[in-house]
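Commentary on secondary and tertiary structure
Residues per chain, in single letters:
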Amino acid sequence: MSISIKDIREHFFEVCNWVDPANTWDQIMFGRPEQVVHRIGTGWMACWQNLEAAAADGCDLFIAHEGTFSGLWAPTLRCEDTPWAQKRMRILKENSMACINLHDTWDNFPEYGIRDSWRKFLGLGELVEERPYFYPGENRFTVRNSLTLNRVQRQTLEEFAASLAKACRVFRSFQGATVYGDLGSLIEMAAVGVGCHIPLLEMVSLGADVLVLTFDRAFQTTIRVPLGEMNANMIVVEHGVAEMPGMQSLAEYLPKAFPGIEARFYCHEPAARTVV
Ligand SMILES: [Fe+2]
Ligand SMILES: [Fe+2]
């Protein structure tokens, strides 16, 4: 049975009926809906390093989580006009490789999505509470429960941070986990989110002993210093690191949902090191 880009997109919108197909980041960035695909590359971002690696493996579709051409680069410049975006597009065109985004659907896709893949990747236990994330600037909550409070085996903050760092080391763009709080304090409940949907004071009040945050949203000014003033334990990682387990799961999920499809996860986002 041949599988088209349209079939793939329809499947995700069917399962994730909380996402409006007409009002979502989950669009075709390059390619035609009726294009038949066989081998799919998945990755957090459609950076040229991921695209080049997927194209070299013969992928005819790349599925990125974050927007391929989104974001403001400069006030007078459209993202598509930047040298890096043009390089991405050149690789897609030269290799006739289509590119789509699965962001809003995949964040909370049952079991395999970003939220539950991150929980599983960190080895978290029973899900005790779940809550939506509140967008501070937009005065609204997420439709789904992005935030979870999870039981973990009783351990110190230092032990928990060390096991998180050990797990995340598989990704080149992991540059360490930044820890705030008393390293010797005991952890029994950990709150995690979905990428930039990060757990905050509500999760502390529900019993979180540690909040796992991402730098892209946990600003030092508005989030980390105030939480530090409240003596909250925090572990902060890069946005991509927290979502890569989910894109790895997508590569596992696709052949199950679409027999005959091959899929592989790519994480060639630029490597980082913290020098202390
Ligand atoms: Fe996400
Ligand atoms: Fe994200």
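Residues numbered from 1 in each chain as written. Chains lettered and ligands numbered in written order. Predicted model: local features only at pLDDT ≥ 70, side-chain atom pairs only at ≥ 80, totals over all residues. Heavy atoms only, no water.

1. So, the overall build of the protein
Counted only if it meets this: A helix here means a DSSP run of H or I that spans at least four residues, while a strand means a run of E at least two residues long, and both kinds are numbered starting from the N terminus. Within these notes, the globule rule equals 2.2 Å times the number of residues to the 0.38 power, and the radius of gyration is based on C-alpha atoms. Exposure classes here rest on a 1.4 Å probe applied to the protein chains alone. A residue is buried below 20% of its type maximum, exposed above 50%, and partly exposed in between. Here, residues are in contact when the closest pair of their heavy atoms is within 4.5 Å. Per-residue accessibility takes into account occlusion by the displayed protein chains alone, with areas from the Shrake-Rupley method and a 1.4 Å probe.
A count of helices and strands for the protein gives nine helices and 15 strands. Computed over C-alpha atoms, the radius of gyration of the protein comes to 19 Å, within 12% of the 19 Å expected from 2.2 N^0.38 for 276 residues, which places it in the range of a compact globule. Expressed along its principal axes, the backbone C-alpha trace of the protein runs to roughly 55 × 40 × 35 Å. Across the 276 residues in the protein, those meeting the buried criterion constitute 50%. A sequence separation of at least 24 residues applies to 68% of the contacts in the protein between residues at least 6 apart. In the structure as shown, the protein presents an accessible area of about 13400 Å², 52% of it carried by carbon and sulfur atoms.

2. Here's the deal with the packing of aromatic side chains
What counts, and what does not: Only Phe, Tyr and Trp rings take part, Trp by its six-membered ring, and two of them pair if their centres are within 6.5 Å. Stacked means planes under 30 degrees apart, edge-to-face means over 60, and tilted covers everything else. In our convention, an over-ring charge means Lys NZ or Arg CZ found within 6 Å of a ring centre and within 35 degrees of that ring's normal.
Enumeration over the complete set of coordinates arrives at 13 aromatic pairs. A centroid spacing of 6.5 Å and a plane angle of 45 degrees characterise the contact between F62 and Y266, whose relative ring orientation is tilted. Separated by 204 residues along the polypeptide, F62 in strand 5 (residues 61-64) and Y266 in strand 15 (residues 262-266) bring together distant segments of the chain. Y266 matches F62 in its accessibility class, with the two residues each being buried. With a centroid separation of 6.3 Å and an interplanar angle of 80 degrees, the aromatic rings of F171 and F265 are classed as edge-to-face. Here F171, found in the loop between helix 6 (157-168) and strand 11 (178-180), pairs with F265, found in strand 15; they are 94 residues apart in sequence, far enough to count as distant. Considered together, F171 and F265 belong to a single accessibility category, that of buried residues. Cluster of aromatic residues (ring-pair linked, three or more members): F12, W106, F109, Y112 and Y253. Positioned over the ring face of W48 is K87, at 3.7 Å from the centre of the ring. A cation sits over an aromatic face here: R144 above W18, 3.8 Å from the ring centre.

3. Comments concerning the nonpolar core
The nonpolar side chains of a soluble globular protein tend to be buried with one another. Our working definition: Nonpolar cores are built from buried Ala, Val, Leu, Ile, Met, Phe, Trp, Tyr and Cys residues. Side-chain atoms within 4.5 Å join them into one set. Domain delimitation in this document rests on an assignment produced automatically or drawn from a domain database.
With 52 residues, the main nonpolar core has I8, F12, L61, W106 and F160 as its most contacted residues. It is helix 9 (residues 239-257) that provides the largest number of residues to this core, a total of eight residues. Split by domain, this core shows at least three residues from each of two domains, domain 1 (3-107 + 244-266) and domain 2 (114-241). With residues near it in sequence (within four places) discarded, L61 still touches I5, I8, V37, R39, I40, G41, M97, A98, C99 and I100. Within the second largest apolar cluster, 17 residues are counted, among which are Y135, M203, L213 and V236.

4. Some remarks on the domain arrangement of the protein
Heads up, the rule is: The term buried area means the drop in 1.4 Å probe accessible area that two parts suffer when joined, counted for both and summed. Salt bridges are counted wherever a side-chain nitrogen of Lys or Arg sits within 4 Å of a carboxyl oxygen of Asp or Glu. Polar contacts, as counted here, are pairs of nitrogen or oxygen atoms within 3.5 Å of one another; within protein the pair requires one atom able to donate a hydrogen and one able to accept it, and residues that are adjacent in sequence qualify only if both atoms are side-chain atoms.
Domain boundaries in the protein define domain 1 (3-107 + 244-266) and domain 2 (114-241). The centre of domain 1, based on its C-alpha atoms, is set 27 Å off from the matching centre of domain 2. Between domain 1 and domain 2, the residue contacts involve 13 residues of the former and 14 residues of the latter. Summed over both partners, the interface of domain 1 with domain 2 comes to about 1100 Å²; 66% of that surface belongs to carbon and sulfur atoms. Contact with domain 2 buries area across many residues of domain 1, yet W18, M244 and P245 alone supply 48% of it, more than any other trio. The interface formed by domain 1 and domain 2 holds zero salt bridges in total. The interface formed by domain 1 and domain 2 includes six residue pairs in polar contact (both at pLDDT 80 or more).

5. Describing the sheet that holds strand 2 (residues 28-30)
To be explicit about the condition: By this definition, two strands are paired if DSSP reports at least two bridges between them. Every axis corresponds to a line fitted to the C-alpha atoms, with the helix fit spanning only the stretch in contact, and the corresponding angles, defined between N-to-C directions, vary from 0 to 180 degrees.
One open sheet accounts for five strands, arranged 2-6-5-4-15; its pairing is mixed. Each of the sheet's edge strands pairs with one partner strand only, and the pair in question is strand 2 and strand 15. Across the sheet, the mean angle separating the axes of adjacent strands is 25 degrees when strand polarity is ignored. Note that strand 5 and strand 6 (residues 98-101) share four bridges and pair parallel. Across the sheet, I63 pairs through a bridge with I100, a residue of strand 6. Sheet contacts for helix 1 (residues 5-15): strand 2, strand 4 (39-43), strand 5 and strand 6; angle to strand 6, the most-contacted strand, approximately 10 degrees. Along the sheet, helix 9 contacts strand 4, strand 5 and strand 15; its crossing angle with strand 15, the most-contacted strand, is approximately 170 degrees.

6. Quick notes on the coordination of the iron ion (ligand 2)
Using the following cut-off: Atoms are scored as donors when they are N, O or S and lie within 2.8 Å of the metal, with 3.2 Å used for Na, K and Ca; no water is included, so coordination may look incomplete.
The coordination sphere of the iron ion (ligand 2), as far as protein atoms go, consists of E66 (OE), H239 (NE2) and E243 (OE), spread over 2.0 to 2.2 Å. Sequence spacing of the donor residues for the iron ion (ligand 2), all on one chain, is E-x172-H-x3-E.

7. Quick word on the sheet that holds strand 12 (residues 186-192)
Across a sheet, strands are paired by hydrogen bonds formed along the backbone, either parallel or antiparallel in direction. In spatial order, the strands read 7-10-12-13-14-11; together these six strands make up an open sheet with mixed pairing. Either end of the sheet is taken by a strand with one partner, and the two such strands are strand 7 (127-131) and strand 11. The sheet shows a mean angle of 25 degrees between the axes of neighbouring strands, taken without regard to direction. Sheet contacts for helix 6: strand 10 (147-156), strand 11, strand 12, strand 13 (210-214) and strand 14 (234-237); angle to strand 10, the most-contacted strand, approximately 115 degrees. On the sheet, helix 8 (residues 220-229) packs against strand 11, strand 13 and strand 14 and is oriented at approximately 160 degrees with respect to strand 14.

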